[in-house]
Amino acid sequence: MGDTPHIRPLVAGNWKMNGLRASLEQLSALKSIVQTDLPQCDVLICPPFTLISQAAIALNGTVIALGSQDCHANTSGAHTGDVSADMVADMGASYAIVGHSERRADHGESSELVSAKAQAAIGSGLTAIICVGETQQQRDAGETLSVIESQLKDSLPPRANAGSVVIAYEPVWAIGTGLTPSADDVAEVHAYIRGQLESLMDTGSSVRILYGGSVKAANAGELMDVANVNGALVGGASLKASDFNGILDAYRR
Ligand code: PGA
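Values in this document were obtained by computation on a predicted structure and should not be read as measured data. Along each chain, residue indices are assigned from 1 in the same order as the chain's sequence is written. Where totals are concerned, whole chains, interfaces and linings use all residues; where local detail is concerned, this predicted model gives features only for residues with pLDDT of at least 70, and gives and counts side-chain atom pairs only at 80 or more. To obtain the side-chain values, all non-hydrogen atoms of the structure were included, while hydrogens and water were left out.

**So, the nonpolar core**
Then, number 1: Among the nonpolar cores identified, the biggest contains 62 residues, and Ile130, Ile167, Ile193 and Leu197 are the most heavily contacted of them.
Then, number 2: Only DSSP runs of H or I reaching four residues or more are called helices, and only runs of E reaching two or more are called strands; each is numbered from the N terminus. Ranked by residue count, the leading element in this core is helix H2 (residues 49-59), at five residues.
Then, number 3: Note on contacts: a residue pair qualifies if any of its non-hydrogen atoms lie within 4.5 Å across the two residues. Sequence-distant contacts of Leu197, defined by excluding residues within four places in its chain, comprise Leu152, Leu156, Ile167, Gly204, Val207 and Ile209.
Then, number 4: Buried Ala, Val, Leu, Ile, Met, Phe, Trp, Tyr and Cys residues that are joined via side-chain atoms within 4.5 Å together make up what is termed a nonpolar core. The cut-offs for exposure are 20% and 50% of the maximum accessible area for each residue type, with area from a 1.4 Å probe on protein chains only; residues under the lower value are buried, those over the upper are exposed, and the others partly exposed. Leu10, Cys46, Cys131 and Ala168 belong to the second largest nonpolar core, which has 13 residues in total.

And the structure:
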């Protein structure tokens, strides 16, 4: 599995703004499959905020972890409509995704804000999954690596380490489109991220680097075999237990 067998992979599902209480059935289904056929990776589901506490009850005692899709940079206070990392942790989650490209685009989130959110997540005992990735235009202009370099440098909070952060490389043009970069392109970017992490932190060689963007059962095996790919961040294919389980099969071979 890649060239970094000492890193335990993580396969994370990001439900985005999908899921009502009835969707908890998918978690029950996933729970029974995963408990009887354990993959060799950590498994995480990030439902919308509204479902985290009920999901925590549904998944209590299982290996499936829970995370949020965002958190505020402050611990509490006058921020109407926002949710703090303390609140996320209090609901039973152990991860928070920060800096997803949809939040960077929809809410104008800068890498500096993403860093502050990651810091808040870590401060509340959560692992921060920090997302980076280039747009199609940036890729076409040959700017992929420079975009990744600056997003990574500016989004990583001070004193981040392999236990407190996960990086997700998600090319914006691959999200929800069915398009994926070639294995060689993924390898190039992940190797670059690995090098950057090693120069930015002592534990950079052990930080998990996930690939995200149109991961599905049919391509998970090939993508997860790429060097320095330590798991996946999955959107659409995480909504149904059977689809998500097909991706987990990449870690049952
Ligand atoms: P997708 O989304 O798997 O639906 O492409 C990935 C993501 O945005 O995390």
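**Thoughts on helix H9 (residues 217-224)**
Then, number 1: Residues Asn219, Ala220, Gly221, Leu223 and Met224 constitute the buried set of H9.
Then, number 2: In this fold, the buried residues of H9 make contact with helix H8 (183-200), strand E7 (208-212), strand E8 (231-234) and helix H10 (241-248).

**A word on the pattern of salt bridges**
Then, number 1: When a carboxyl oxygen of Asp or Glu lies within 4 Å of a side-chain nitrogen of Lys or Arg, that pair is called a salt bridge. What the rule picks out here adds up to 13 salt bridges.
Then, number 2: As a salt-bridge pair, Asp225 and Arg253 come within 3.2 Å of each other at their nearest N and O atoms. Linking Asp225 in the loop between H9 and E8 with Arg253 in the segment after H10, this pair joins segments that are 28 residues apart in sequence.
Then, number 3: Using a relative accessible area of 59% as the deciding quantity, one classes Arg253 as exposed.
Then, number 4: When the shortest N-O distance is used, the salt bridge between Arg252 and Asp249 registers 2.6 Å.
Then, number 5: Accessibility expressed as a relative area gives 37% for Asp249, which makes it partly exposed.
Then, number 6: Salt bridges sharing common partners tie together Asp70, Arg103, Glu109 and Lys117.

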